[in-house]
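Spelled out, the chains give:
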Amino acid sequence: MEEYMDSMHNYLGASCEVLKLDNRLLFAGSIHKYDDSEDELTVSIRKGNETPQGIIHQTPVKLHVHNNVTMNNVLLLYGMVSRCAADFWEIALKHSFSCAERRSSFRQPIMMEVAVYRGADAESSTVALCKTIDISLTGLCFSSQECYVQGEQIFISSLQLRRNGPIYSFACTVQRVQPLESGKICYGCSFNTISERQEDLLFHDMFSLQIKALNRQ
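As the structure is a prediction and not an experimental result, all values here were calculated from the model.

Draft legend 1. Geometry of the overall build of the protein. Helices and strands together make up the secondary structure of the protein, namely two helices and 13 strands. Put simply, the protein has 217 residues, and 48% of those count as buried. Restricting the contact set of the protein to residue pairs at least 6 apart, pairs at least 24 apart contribute 56%. Put simply, the protein shows about 11300 Å² of open surface, and 47% of that area lies on carbon and sulfur atoms.

Draft legend 2. Region of the structure containing the pattern of salt bridges. What the rule picks out here adds up to three salt bridges. Of the charged contacts, one joins R118 and E152 as a salt bridge, the two residues approaching to 2.5 Å between their closest N and O atoms. Highlighted residues: R118 in strand β8 (residues 113-118) and E152 in the loop between β10 (139-144) and β11 (153-160), separated in sequence by 34 residues. In this structure R118 comes out as partly exposed when scored by relative accessible area, which is 26%. Looking at E152, the relative accessible area reads 17%, which means it is buried. A salt bridge links D205 to R162; the shortest N-O distance between them is 2.4 Å. Taken together, the residues span a long stretch of sequence, with D205 in helix α2 (residues 196-216) and R162 in the loop between β11 and β12 (167-179) at a distance of 43 residues. Using a relative accessible area of 0% as the deciding quantity, one classes D205 as buried.

Draft legend 3. Seen up close, the environment of I110. Note that I110 resides in the loop between β7 (108-109) and β8. The exposure class of I110 is buried, given its relative accessible area of 10%. Along the chain, I110 and M206 lie 96 residues apart, while their C-alpha atoms are 9.3 Å from each other. Ignoring sequence-local partners within four residues, the contact set of I110 consists of T132, I133, D134, I135, L161 and L209.

Draft legend 4. Spatial organisation of the nonpolar core. Among the nonpolar cores identified, the biggest contains 29 residues, and I135, F142, Y148, I154, L159, L161 and L202 are the most heavily contacted of them. Of all the elements in the fold, those that place two or more residues in this core are β8, β9 (127-135), β10, β11, β12, β13 (185-191) and α2. It is α2 that provides the largest number of residues to this core, a total of five residues.

Draft legend 5. Looking closely at the packing of aromatic side chains. Applying the stated criterion across every chain yields a total of seven aromatic pairs. Measuring from ring centre to ring centre gives 5.1 Å for Y148 and Y187, while their planes differ by 90°; the resulting arrangement is edge-to-face. With Y148 in the loop between β10 and β11 and Y187 in strand β13, this pair connects stretches of sequence that are 39 residues apart. For the pair formed by Y148 and Y187, the shared burial category is buried. Three or more aromatic residues link up through ring pairs in this structure, and these residues are F142, Y148 and Y187.

Draft legend 6. Quick peek at the side chain of H64. The residue H64 is located in strand β4 (residues 60-66) in this model. The class of H64 is buried, set by a relative accessible area of 10%. Ignoring anything within four residues of it in the chain, the contact list for H64 reads S15, C16, E17, L19, L75, L76 and F207.

Draft legend 7. Up close: unusual backbone geometry. Phi angles above zero are rare outside glycine, and D39 is one such case at about 50°. By secondary structure assignment, the location of D39 is in the loop between β2 (25-35) and β3 (40-45). With relative accessibility at 14%, the residue D39 sits in the buried group. One non-glycine residue, N164, lies in positive phi territory at about 65°. Inspection of the secondary structure puts N164 in the loop between β11 and β12. On the basis of relative accessible area, N164 is assigned to the exposed category, the value being 73%.

Definitions and limits used
- Residues numbered from 1 in each chain as written.
- Predicted model: local features only at pLDDT ≥ 70, side-chain atom pairs only at ≥ 80, totals over all residues.
- Heavy atoms only, no water.
- Helix = DSSP H or I, 4+ residues; strand = E, 2+ residues; numbered from the N terminus.
- Buried < 20%, exposed > 50% of the residue type's maximum accessible area, 1.4 Å probe, protein only.
- Contact = heavy atoms within 4.5 Å.
- Areas by Shrake-Rupley, 256 points an atom, 1.4 Å probe, with all protein chains shown as cover.
- Salt bridge = Lys/Arg side-chain N within 4 Å of Asp/Glu carboxyl O.
- Core = buried A, V, L, I, M, F, W, Y, C linked by side-chain atoms within 4.5 Å.
- Phe/Tyr/Trp six-rings, centres within 6.5 Å; stacked < 30°, edge-to-face > 60°.

Below, the structure written as structure tokens:
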């Protein structure tokens, strides 16, 4: 956390969500105080509400903290509940993951099979199973032995980032073609369109993968 300790004071007053590790929302509030000597946050609940009762001391939680200037800048914090009150919680921080760059530029490594169709939809008769490399809110990279060209329209389906999570399909444009040492080719693709709902779900799934990676450390 050392690299974020100085910047945490910049998040005072910032809105945030406190969630369990299974992504169940506990409450929404704001960052009231940061104690850098204890690396501990005080999170106040929104006025007129009460925090969830019955939460056990040292329960692990995570926080999505939004930058005061632009909601596209997000900090993911992981910690343990050290004190519960009706209008605030104190949370001892353990890990952090900064998406302080724009949301759209954050890339999450992910390796799984997806179906790639030539053309703008799944009605195409040409389909190949390819391996994803990473994904962002604006596109993804995958590797394949198939040959695609820059500017080609493709359709990607059967993309599921986590167990029991949503299944995504995207119409894409191939933007980058890069040979790999394995003999396969890496293709960087941009999503032609992505709805606000899809973006929210995708960002949620990417953060879920990140917190799992932190828990394995």
